[in-house]
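So you can see what is in the structure, the chains are spelled out below.
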Amino acid sequence: MKKISVLFVALLSAIGGQALAQNITYPTKNIEVVIPKGAGGPTDTATRTLIEFAKNKMPKGIIFVPDNKPAGNGVAGLLDVAKSKPDGYKLVMTTVELAMFPHEGKSPVTYADFTPIVAGVADPVVLVVKADSPYKNLKDFIEGAKAKPGKVQMGNSGMGAVYHLAALNIERKLGVKFNHVPFTEGASATVASLVGGHIDAIITGPSAAKSQVDAGALRILGVMDTKRFELFPDVPTFQEALGQDLGLHMRAWAILAGPAKLPENITRELTTAFGDVVKSPEYQAAIKKMGIMPVVIVGKDAAAMMKEDHDTYKVLIEESKKK
Amino acid sequence: MNDILTAASAVFSLHALLMIFLGAFAGVIIGALPGLTVNMGIALLMPLTFTFQGMTGILMLLGVYCGAIYGGSITAILINTPGTPASAATILDGYPLALKGEAGRALGLSTMSSLVGGLFSAICLVLVSPLLAKVAVGLSAPEYFSLAVFGISIITSVSSLSIVKGLMGGALGLFIAMIGLDPMTAGFRYTFDSVYLMGGISFVPVLVGLFAFSQGMVSMEDSYRGGENRKVQVPIKRILPTWLDMKRVFPTQMRSAIIGTIIGAIPGTGGDIASYVSYTEAKRWSKHPEEFGHGSVEGVSAPEAGANAVAGGALVPLLTLGIPGDGATAIMMGAFMVQGLSLGPLLFTEHPVEVNTIFIGLFVANLMMAAIGFAGLRSSAKIMDVPRRILVPIVLTLCAVGSYSVNHTMIDVFVTMGFGVLGYILLKLDFSMSPIVIGIILGPMAETNLRRTLVMSQGDYSVFFTRPVCATFLVIAVMTLFLPIVGPKVWAWWKKRSGGPALVEAEGKE
């Protein structure tokens, strides 16, 4: 009997000791980073680069393990992390769709279910055509679209996703009508289709089109932002090209986040580490090569951006439903 | 020329060669384990490449890529369980051949065919990649749809026992593929508010359940009924295939290599489709179509040559356009980005050394893969000698581990078990598994592209007939679908009338 109780005490103290050790230092094991997008896409490469640079800020031997869960437009991956234990070992690269899907009945989770850490991407949205397209500038394009409503084929990477809503916003503000062609395979599929000349235009992120634009196969007509995009300084904003401000500002962000109610000390640890990463010139140089502009939006700023877009898209989606 | 020499010296350094070897070795093992696929192998090892200097990491990934596609055939031939989706077609003839006591011959042929397919596609990558890339982007939604329909039509030729049961299996596969998000409107289908189903049923757990888990149950039943009555394995006398075999399968290998390279180059299609298409075409052109399904040497060679040719093909759009040709190259794209290589039209002029390094690396990776395959042939064939009561629990454990690792969820393990039981029942009812798998692989491709075509043409169906490539595929699909049913009747009628030329006889037997 005595033996058993001794054993019991020993066991208890072992368990207790372990629990204590975990409380003192975070992280003690590898951190899983769910990427709710397909491997090789812009979100994927941005995330992988971000966590690669962040590895050095973590204790030795701890790595971030990327895990692609693109199913269901990424909702499955978001849910997976939102429902996980807030212990800091499971993070997710939320994307701008998180600000839209809840209003479309596609996602049971919203920005409130996550604790934002850092923004990896906050790129504007661009309108791209083939280099030999008859549309030489944005004005041409809009006039062309007005001339044959519902005929100009506009590729997007999934209905209800950011690029589709951007196209809807153009339709609404400029009184045109497109024929929307969704490519659930992702942004690279829209680029392939445009290069092949099967569709007339696409709305996408600058990074997805960069190599084709550099090679002269595609042409960017306009940036949906308040200022020009640094990597394509010759491309006008919608405001400049059309000579009027229509409030067409859309950005596709990707914010690394943990589940809601992430303990204060873990959040601080992660925001400090990732904050250092996004400020480092090495990281900024690396993602510039991929056509992504470095941004420093950390912690509370990222939370503000998520909330702001959540409210913006709520209005936009409700208005588009009314029509 | 200078670029090629610089590239060659990079590849033939001891360090790089070792990395390609390790990559290929890891790839073969990952490929051979049921549930661990090519994509997972590359995703698993990709983080390692961040730490390597320059191109070494990418060379290692090429090794993994080639090794894993080949590795799947080992388990397919020896234990009737495809290691990866790309080798699901290999079991159709590989396992029957192994049962005849010719596992060594089957493995030798599959290894040789993998090598031939891989080298052929590497040559295509070097010589005609700009042309291939043009072909790949020239295809649009109607062609993708017709290609998928053509793939689905294969069902009638891989279901040897009963065509009707094959079609039923195919329909089941198409249904499974429909569960989840609607690809066009992003609405939910058959999800019943389940979070798991919202993302659709993952393909790998289904595959592992249907092939591996059900096989485990069959073996359990066998040993319960009265132990092991298997043929004693004939000792392996030679490792390389005989000259006679090689001569016989060479046209098949070449045909499959061409099919595999082209399918690889088309974005969004990969080894799983290429191997089934190669198999069917081998059967269509074979002088002995009746041997297929019973251990035909061409039936083993075709899917392997086709699947491994995908590697070179899939690199074509990746390097020339910056658009990945299949899932594995999509993951590799990240590794290229990290090394600061912006893929696309400018890669060849801006980074000629790196491009040549990849070219040479792909040849070396294929040779390494074959060397590992041939060297390990004797030991891997010993799996056949392991008593079933020991082998089956090991395989079932691997099944569970493999399915768990797909999405890191236990639900996938239960899906595997559920489909294992379903597969067992279907086996008892003389259904074959391949039609179900083909339905799952090609269902989404057919559906998405049919609907996309109609969106693009604004509801006009005539595009399917006016586009030559699309129409050709559809005609072949209809022929493939109906020849096994109508063919014999036409032949009988023809024979009654005039005795018919030999050509019709060959067609009638398909």
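In this text, all values refer to a predicted model and were calculated from it rather than measured experimentally. (Residues numbered from 1 in each chain as written. Chains lettered and ligands numbered in written order. Predicted model: local features only at pLDDT ≥ 70, side-chain atom pairs only at ≥ 80, totals over all residues. Heavy atoms only, no water.)

1. Examining the overall build of chain A
For chain A, the count of helices and strands is 11 helices and 9 strands. Evaluated residue by residue, chain A yields a buried proportion of 58% over its 323 residues. Once local pairs closer than 6 in sequence are excluded, the contacts in chain A between residues at least 24 apart make up 77%. (Helix = DSSP H or I, 4+ residues; strand = E, 2+ residues; numbered from the N terminus. Buried < 20%, exposed > 50% of the residue type's maximum accessible area, 1.4 Å probe, protein only. Contact = heavy atoms within 4.5 Å.)

2. What about the overall build of chain B?
On a plain count of helices and strands, chain B comes out with 23 helices and 2 strands. Relative to its length of 510 residues, chain B is compact, with a C-alpha radius of gyration of 22 Å against a globular reference of 24 Å. Seen through its principal axes, chain B has C-alpha atoms that stretch 65 × 60 × 55 Å. Within chain B, the fraction of its 510 residues that count as buried is 60%. Counting only contacts in chain B whose residues sit at least 6 apart along the sequence, the fraction spanning at least 24 positions is 78%. For chain B, the accessible surface area stands at approximately 19800 Å², while carbon and sulfur atoms represent 71% of it. Of the side chains in chain B, 29 bear a positive and 27 a negative charge, and the two mean positions are spaced by 10 Å. (Rg over C-alpha atoms; globule rule 2.2 N^0.38 Å. Areas by Shrake-Rupley, 256 points an atom, 1.4 Å probe, with all protein chains shown as cover. Lys, Arg positive; Asp, Glu negative; His and termini not counted. Charge placed at Lys NZ, Arg CZ, Asp CG, Glu CD.)

3. Description of the interface of chain B and chain A
Between chain B and chain A, the residue contacts involve 38 residues of the former and 42 residues of the latter. Put simply, chain B and chain A have 0 salt bridges between them. Put simply, chain B and chain A have 10 residue pairs in polar contact (both at pLDDT 80 or more) between them. Mapped onto the side of chain B that touches chain A, the elements with two or more residues apiece are helix H5 (91-138), helix H9 (195-198), helix H14 (327-338) and helix H20 (434-456) of chain B. (Salt bridge = Lys/Arg side-chain N within 4 Å of Asp/Glu carboxyl O. Polar contact = N/O pair within 3.5 Å; in protein donor to acceptor, adjacent residues only side chain to side chain.)

4. A look at the confidence of the model for chain A
Parts of the model with low pLDDT should not have their predicted coordinates read in detail. Across chain A, the average pLDDT comes to 84, with 89% of residues at 70 or higher. Confidence drops under pLDDT 50 across residues 15-24 of chain A; counting only partners more than four residues distant or on other chains, this segment forms 2 contacts. (pLDDT = per-residue confidence, 0-100.)

5. Overview of a nonpolar patch on the surface
A cluster of nonpolar side chains, Ile123(B), Val126(B), Leu127(B), Val128(B), Leu131(B) and Val135(B), forms an exposed patch at the surface whose accessible area comes to about 510 Å². Position of Ile123(B) relative to the elements: it lies in helix H5. (Patch = residues over 30% accessible without salt bridge, like charges linked within 9 Å, V, L, I, M, F, W, Y side chains within 5 Å.)

6. Points about unusual backbone geometry
Residue and element names in this part refer to chain B. Positive phi, close to 50°, is recorded for tyrosine 190, a residue that is not glycine. Structurally, the position occupied by tyrosine 190 is in the loop between strand S2 (188-189) and H9. Relative accessible area serves as the criterion here: at 41%, tyrosine 190 is assigned to the partly exposed category.

7. Thoughts on the packing of aromatic side chains
Counted under the stated rule, the structure contains 14 aromatic pairs over all chains. On the basis of an interplanar angle of 80° and a centroid distance of 5.7 Å, the ring pair of Phe53(A) and Tyr283(A) is categorised as edge-to-face. Remark: Tyr283(A) occurs in helix H10 (residues 281-289) and Phe53(A) occurs in helix H2 (residues 42-54); sequence separation between them is 230 residues. The class for Phe53(A) is partly exposed, based on a relative accessible area of 25%. Of the residues examined, Tyr283(A) reaches a relative accessible area of 1% and is grouped as buried. An angle of 55° between the planes, with centres 6.3 Å apart, marks the rings of Trp493(B) and Trp494(B) as tilted. With relative accessibility at 27%, the residue Trp494(B) sits in the partly exposed group. (Phe/Tyr/Trp six-rings, centres within 6.5 Å; stacked < 30°, edge-to-face > 60°.)

8. Topic: the nonpolar core
By size, the foremost hydrophobic cluster in this structure holds 201 residues, and its most contacted members are Phe64(A), Leu270(A), Phe274(A), Ile42(B), Tyr65(B) and Phe336(B). Counting contributing residues per domain, this core is built from domain 1 (31-122 + 252-322) and domain 2 (124-242) of chain A, each supplying no fewer than three. Sequence-distant contacts of Phe64(A), defined by excluding residues within four places in its chain, comprise Ile31(A), Val33(A), Ile51(A), Ala54(A), Lys55(A), Met58(A), Leu91(A) and Phe274(A). By size, the runner-up hydrophobic cluster in this structure holds 58 residues, among which are Ala82(A), Val152(A), Ile170(A) and Leu174(A). (Core = buried A, V, L, I, M, F, W, Y, C linked by side-chain atoms within 4.5 Å. Domains from an automatic or database assignment.)

9. Overview of the pairing of strand S5 (residues 153-156) of chain A
Residue and element names in this part refer to chain A. Side chains Gln153 and Gly155 project from S5 onto one buried face, and the interleaved Met154 and Asn156 project onto a second face that is buried too. Relative to strand S6 (residues 179-182), S5 runs parallel, the two sharing 4 bridges. The partner of methionine 154 across the bridge, within S6, is histidine 180. For the segment spanning S5, helix H5 (residues 162-174) and S6, crossover handedness is right-handed. Pairing geometry for S5 and strand S7 (residues 201-204), over 2 bridges, is parallel. Looking at the pairing, glycine 155 lines up with isoleucine 202 of S7. (Pairing = 2+ DSSP bridges. Right-handed = clockwise from strand over helix to strand, strands pointing away.)

10. A short note on the pattern of salt bridges
All names here are of chain A. The tally for this structure, following the rule as stated, stands at 21 salt bridges over all chains. The salt bridge partner of lysine 55 is glutamate 52, with a shortest N-O separation of 3.5 Å. The exposure class assigned to glutamate 52 is buried, which follows from its relative accessible area of 18%. Of the charged contacts in the structure, one is a salt bridge between arginine 228 and glutamate 240, with a shortest N-O distance of 2.8 Å. Here arginine 228, found in the loop between strand S8 (218-224) and helix H8 (238-242), pairs with glutamate 240, found in helix H8; they are 12 residues apart in sequence, far enough to count as distant. With relative accessibility at 37%, the residue arginine 228 sits in the partly exposed group. With a relative accessible area of 45%, glutamate 240 lands in the partly exposed category.

11. A look at the domain arrangement of chain A
Residue and element names in this part refer to chain A. By the assigned domains, chain A splits into domain 1 (31-122 + 252-322) and domain 2 (124-242). Each of domain 1 and domain 2 was reduced to a C-alpha centroid, and the two centroids are 25 Å apart. Each side of the interface is counted separately: domain 1 has 20 residues, and domain 2 has 17 residues. Of all residues in domain 1, the largest losses of buried area upon contact with domain 2 belong to Gly291, Met293 and Leu316, amounting jointly to 32% of the total for that side. Put simply, domain 1 and domain 2 have 0 residue pairs in polar contact (both at pLDDT 80 or more) between them. It is helix H11 (residues 300-322) that contributes the most residues to the side of domain 1 that touches domain 2, 5 residues altogether. Here the residues of the side of domain 1 that touches domain 2 are counted per class, giving 12 nonpolar, 3 polar and 5 charged. (Buried area = accessible area lost by both parts, 1.4 Å probe. Nonpolar A, V, L, I, M, F, W, Y, C, P; charged D, E, K, R; others polar.)

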